[in-house]
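Breakdown of the fold
The chain contents come next:
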Amino acid sequence: MSEQLKFIVEQLNREPFKKNLNLITFDSLEPMQLLQILNDVLAEIDPKQAIDIREEMPEQTVKRICALLGMLKYKPPGNLSDVSSFRQGLVTGSKPVIHPILHWLLQRVPELKKRAYLARFLVKLEVPADFLQDDIINDTYHQLVEGFKTYHKECEQLRTSGFSTAEIRRDISAMEEEKDQLIKRVERLKKRVESVSNHQRMLEQARQLRVEKEREEALTHQKQEQKNQLFQAEQRLLRSEQQLKDLRQAAADANPESLMKRLEEEIKINSYMVSEKLPKELEGMRRTVQFLQKVASEPAMGQADLQELEDKIKEADSQINQLIEKRMMRYDPMDDKLSLYRQQASIIARRKESKAEELQEAREELAAAERELRQRTNQTRGSDGEEVIRGDEMKRLVAKLRSKGTVYKKKRQEIAELKADYGVVQRTEELLKQRHDAVQQKLQAVEAEKGISGYSDTQEELERVSAIKSELDEKKGRTLDDMSEMVKKLNSMIVEKKSALAPIIKELRSLRQQSQELGQEYEEKKAQYESCAAGLESNRSKLEQEVKALRDEMAQKENRYHHINTMSQILEMQIQRAAEEMKAYVSPDPQEKKKAMREVYMKNISEQELLGKKLREEQKTVRESHSANMEQVKMWRDLEQLMECKRQCFIRAKNRESIGQIIQEGGEDRLVL
């Protein structure tokens, strides 16, 4: 209970209640104040409950609170299951009734807010039967309810979808900045193009070139699609031929007896599934649905209810175990001659059920595999336009791969032979180079002997230089011709572009002038709009301040009115009590006089005076006998010390007498010194 009160006080001190309470002040609240706090919590859940209970009759308050708690599916604790006692507790503001309600409400405020909001639109209205007999009104009402459900689900999905308005605004601003940048870039490119002659014609040619390229890409894509369709048609043809071949083989191997036997087996399995297995599963599902509907229709359960149900379940399990043990103790297998056959029948039935379940699972797996195969086939068709390869096609592909593998091995062997030949050729080249070097050395020695050393090298160098010079001359001639032709083409293109751009430049100048005029007009309109908006904004702020001041004044007046009303009620009660007191005091009846507060207080005063007199006499008696009593207490303490001293002396004397004596105990002799 203390934890419950702590939780309630903590929640009431937070937003949006801000009650500024502690455990002592909360526990000392009056019943009316406690009911007002409960009403404030209910008003936070449902704003329509924001009512001052002092202005409402108690019966109406209890009826309103009970209706809202029933709508919120509140279930009173076990000791308050009686409706009349629960209503009486609400009327009187009983703490054992109010505290659990506050604890339950404050634990789940957001959930209850949502439930109260939905109840405004989903709880059936009390419509007269005359109106509900009209089909149009009834259908319209149900359509509105279903439409609200749909819109609410969409709203919740949008709230939980992760979209953020701030992110969307950032994206929009970024896109606008990119748009401005692109516009500026286009303007810069236009300015550059304006200086080129015949730029309009060049732009038209570039546009046509882009169109032709797009057309070429489309034709290429169309060609590829047609190739894919041709390949798919060939594959379908091959599959159809293979299926036809398989069907012919199956028809050749099949006979009427095997087909009839197979059909009979399938009929038996299907009849068992329809007549025995599926009805049992359907009945089990119906029981489950009924149980779930029963659970859903019951109000929300608390921890105490769950604990009670767990205890009942444990008790039922223990009773079942006891009954099973008793049955096993009474059961004798020898007495029942049919027990063996029953066991065999139960085993066969279980096997039959297990095989039927395995068959059902296998069928479901087959159906799922077929669905997945169709899905994958559709995906592959949508992605690259090709179909999935079947088993027969896979076999043919494997055969092709094997043949290609043999070809690959042959080619690899040929490559190895070529590599060996390449090594031999490379070694031959090295030997020839060595011989060439030896011949060159001999030639150089002969040239040195003859006095013309370096003659062969110089001759080779001159031949190489002459060949390079002839090649460069040819390249220079071709380059000069190309450059002259290119210059001519560029000059002609520039002239054409200039002539084509001249009218466009004239139009652009007029458009620029119009743009400047429109810009000036836009600035003037913008200034007018901003001044008007500023004036309206200032007027709106003034009106808001006035409305706020009037609302504050209205709240103060309401508080003053409630305070004066409460004080007037208190004064009326005091006047009524004073009138009753005066009536009882002046009444000639002695019994009425005794009921007066004056007589009661006078009687209490006389009783208290007699009690005080008696206590003073007792105090006097105690003071007179205090010294004698203290002396008697001292004498008793001295007597106690004297007796303790005698006891010690007796013990010492006894110990001295036993010194030097022989004591026999338990068949043993001891000498005490």
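Rules used throughout
- Residues numbered from 1 in each chain as written.
- Predicted model: local features only at pLDDT ≥ 70, side-chain atom pairs only at ≥ 80, totals over all residues.
- Heavy atoms only, no water.
- UniProt positions renumbered as here; feature names shortened; annotations may be inferred.
- Buried < 20%, exposed > 50% of the residue type's maximum accessible area, 1.4 Å probe, protein only.
- Helix = DSSP H or I, 4+ residues; strand = E, 2+ residues; numbered from the N terminus.
- Arc of directions from axis to C-beta.
- Contact = heavy atoms within 4.5 Å.
- Axes fitted to C-alpha atoms, helices over the stretch in contact; angles between N-to-C directions.
- Parallel < 35°, antiparallel > 145°, perpendicular 65-115°, else oblique.
- Left-handed = near helix turned anticlockwise from the far one by under 90°.
- Nonpolar A, V, L, I, M, F, W, Y, C, P; charged D, E, K, R; others polar.
- Core = buried A, V, L, I, M, F, W, Y, C linked by side-chain atoms within 4.5 Å.
- Patch = residues over 30% accessible without salt bridge, like charges linked within 9 Å, V, L, I, M, F, W, Y side chains within 5 Å.
- Areas by Shrake-Rupley, 256 points an atom, 1.4 Å probe, with all protein chains shown as cover.
- Salt bridge = Lys/Arg side-chain N within 4 Å of Asp/Glu carboxyl O.
- Lys, Arg positive; Asp, Glu negative; His and termini not counted.
- Charge placed at Lys NZ, Arg CZ, Asp CG, Glu CD.
- Phe/Tyr/Trp six-rings, centres within 6.5 Å; stacked < 30°, edge-to-face > 60°.

Per an unreviewed UniProt entry, the recorded name for the chain is Intraflagellar transport protein 81 homolog, and the organism is Neolamprologus brichardi. You can read under Subcellular location (unreviewed entry) in the UniProt record for the chain the words "Cytoplasm, Cytoskeleton, Cilium basal body". The UniProt entry for the chain carries the following text under Sequence similarities (unreviewed entry): "Belongs to the IFT81 family."

1. Some thoughts on helix α5 (residues 83–92)
Turning to α5, its buried residues are F86, G89 and L90. Buried positions in α5, seen along its axis, are confined to an arc of 100 degrees and lie on one side of it. Residues of α5 that are buried sit in contact with α3 (31–45), α4 (58–71) and α6 (95–107). Trailing α5 by a residue or two, G93 shows a phi angle of about 70 degrees, which is positive.

2. Things to note about the packing of α3 against α4
Two numbers describe how α3 lies on α4: the axes approach to 12 Å, and their chain directions differ by 45 degrees. Comparing their axes, α4 and α3 come out oblique. For α3 against α4, the interelement crossing comes out left-handed. Of the residues in α4, those touching α3 at L38, N39 and L42 are R64, I65, L68 and L69. Among the residues forming the contact of α3 with α4, the class breakdown is 5 nonpolar, 1 polar and 1 charged.

3. Some details on the nonpolar core
In this structure, L12, F26, L38, L90, I101 and L105 are the most contacted members of the largest nonpolar core, which totals 35 residues. Once you skip the residues sitting within four places of it in the chain, L105 turns out to touch L38, V41, L42, I45, L69, L72 and L112.

4. Some words on a negative patch on the surface
On the surface, E176, E177, E178 and D180 cluster together into a patch of negative charge. What makes E176 partly exposed here is its relative accessible area of 48%.

5. Focus on a positive patch on the surface
A cluster of basic residues, K184, R185, R188 and R192, forms a positive patch on the protein surface. With respect to the helices, strands and loops of the structure, R188 is situated in helix α10 (residues 165–194).

6. Observations concerning the packing of aromatic side chains
Counting across every chain of the model gives 2 aromatic pairs. When the centroid spacing of 6.1 Å and the interplanar angle of 55 degrees are considered together, the rings of Y117 and F148 count as tilted. Note that Y117 is positioned in helix α7 (residues 109–122) and F148 in helix α9 (residues 135–160), a separation of 31 residues in sequence.

7. A word on the side chain of H103
Relative to the helices and strands, H103 is located in helix α6. A residue is classified by how much of its surface remains accessible, and H103, at 19% relative accessible area, is buried. With sequence-adjacent residues up to four places away left out, H103 is seen in contact with Q4, F7 and I8.

8. Regarding the pattern of salt bridges
Applying the stated criterion across every chain, the model contains 11 salt bridges. Between K312 and E308 there is a salt bridge, with the nearest N and O atoms lying 3.9 Å from each other. Of the two residues, K312 and E308 both sit in helix α13 (residues 303–330), 4 residues apart, roughly one turn of that helix. Exposure remark for E308: the relative accessible area of 42% places this residue in the partly exposed category. The residue E537 makes a salt bridge to R540 at a minimum N-O spacing of 2.4 Å. Remark: R540 and E537 occur in helix α16 (residues 455–585); sequence separation between them is 3 residues, near one turn of the helix. The exposure class of E537 is partly exposed, given its relative accessible area of 41%.

9. Points about unusual backbone geometry
For N20, which is not a glycine, the phi torsion comes out positive at approximately 55 degrees. Its location among the elements puts N20 in the loop between α1 (2–13) and α2 (23–27). With relative accessibility at 71%, the residue N20 sits in the exposed group. Despite not being glycine, K73 shows a phi value in the positive range, around 65 degrees. Along the chain, K73 falls in the loop between α4 and α5.

10. A word on a nonpolar patch on the surface
A cluster of nonpolar residues, V196, M202, M486, L490, M493 and I494, forms a patch on the protein surface that exposes about 490 Å² of accessible area. Broken down by element, the residue count for the nonpolar patch peaks at 4 residues, all from α16.

11. Thoughts on the packing of α3 against α6
Where α3 contacts α6, the axes come no closer than 11 Å and their chain directions differ by 25 degrees. Classified by the interaxial angle, the pair formed by α3 and α6 is roughly parallel. When you trace α3 past α6, the crossing you get is left-handed. On α6, the residues touching L34, L35, I37, L38, V41, L42 and I45 of α3 are K95, I98, H99, I101, L102, L105 and L106. Classifying every residue of the contact of α3 with α6 gives 12 nonpolar, 1 polar and 1 charged.

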